[in-house]
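# Commentary on secondary and tertiary structure
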Amino acid sequence: SWRVRYMLPEIELSLRRAAVIITDSEYTRQEVAKYFAWPAEKIFAVPLASADTFYPRAPSAINAVLGSHGLSAGGYCLFAGTIEPRKNIGALLDAYMMLPAAVRLKWPLVLAGYQGWNSDALHLRMAEAAGQGWARYLGFVPADHLPLLFAGARLFVFPSLYEGFGLPVLEAMASGVPVVCSNSSSLPEVVGDAGAMCDANDVNTLSRLIATGLQDEIWRTEAINKGLSRAGEFSWQRCARGTITAYQAALNV
């Protein structure tokens, strides 16, 4: 709440000064136009891209780094993001706990990211799951390790309640990793038809999709190929062109 109290007056000041607005998704573009009563034609959706360090890698290229985290290529399901309520990690833990024990133990859930606000109860749950052998919390992962952690995952799961863009799902697809995520906010724009999606609060369906993503080789192969193709549609060149278009519009106001 303190962050909202700080940011809202600053956002309103920025809007009074701005000629145009750039958002990183169409969802956010529509949301800004509606919430702030801003003319939509002066808001430009300019999608982001993943860094070129996110790409498929052979196990031999990543197992040394993964080993430093106690992991091996293809041996885990990954979530990456700040540990906070918005990321819907409680639902993820519920869904994972519904999997057969043999599946959970073969491919434990690995969570990487900062400890965020209101997350004490989540950390207790993660610690309990770790004690049962089906989850690991890595905390903050160094930037040079993160692409290797992505590339080594058997599946990437991201049931977030709200994302302005949802960069982690794009990074996973670019890494050649199948994606299961929620269909909330901007995520469908990024994933397209390349991943499996469900309502963020539908734990039963989320669990079923995770099971498919871990075990169904036909689905996995299709999702990997579609994901790589989808990720190729996002580039920093495209982002730069969209940004230039927005600046040109600002100059013409």
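First things first, this report covers the structure right here in the doc. (Residues numbered from 1 in each chain as written. Predicted model: local features only at pLDDT ≥ 70, side-chain atom pairs only at ≥ 80, totals over all residues. Heavy atoms only, no water.)

The next point concerns the sheet that holds strand β4 (residues 109–112). In space, the six strands of this open sheet follow the order β5-β4-β3-β6-β7-β8, with parallel pairing throughout. Either end of the sheet is taken by a strand with one partner, and the two such strands are β5 (135–139) and β8 (196–198). Across the sheet, the mean angle from the axis of one strand to that of its neighbour is 20°, orientation sign disregarded. Looking at chain direction, β4 and β5 are connected through four bridges and run parallel. Each residue of the ladder has a partner; that of leucine 111, found in β5, is tyrosine 137. Together, β3 (77–80), β4 and β6 (155–158) form the strand contacts of helix α4 (residues 89–97), whose direction differs from that of β4 by roughly 165°. (Pairing = 2+ DSSP bridges. Helix = DSSP H or I, 4+ residues; strand = E, 2+ residues; numbered from the N terminus. Axes fitted to C-alpha atoms, helices over the stretch in contact; angles between N-to-C directions. Contact = heavy atoms within 4.5 Å.)

Turning our eyes to something else, we now look at the packing of aromatic side chains. Summed over the entire model, instances satisfying the criterion amount to nine aromatic pairs. Between tyrosine 114 and phenylalanine 140 the ring centres are 4.9 Å apart and the planes differ by 20°, which places this aromatic pair in the stacked class. Here the residue tyrosine 114 occupies a position in the loop between β4 and α6 (120–131), and phenylalanine 140 occupies one in the loop between β5 and α7 (146–151), the gap between them amounting to 26 residues. Accessibility assignment for this pair places tyrosine 114 and phenylalanine 140 in one class, exposed. A centroid spacing of 5.8 Å and a plane angle of 25° characterise the contact between phenylalanine 156 and phenylalanine 158, whose relative ring orientation is stacked. The two residues phenylalanine 156 and phenylalanine 158 agree in class, both being buried. Counting every residue linked through ring pairs, the aromatic cluster contains Phe54, Phe79, Phe150, Phe156 and Phe158. Above the face of the tyrosine 55 ring, arginine 57 is positioned so that its terminal group lies 4.1 Å from the ring centre. (Phe/Tyr/Trp six-rings, centres within 6.5 Å; stacked < 30°, edge-to-face > 60°. Buried < 20%, exposed > 50% of the residue type's maximum accessible area, 1.4 Å probe, protein only. Lys NZ or Arg CZ within 6 Å of the ring centre and 35° of its normal.)

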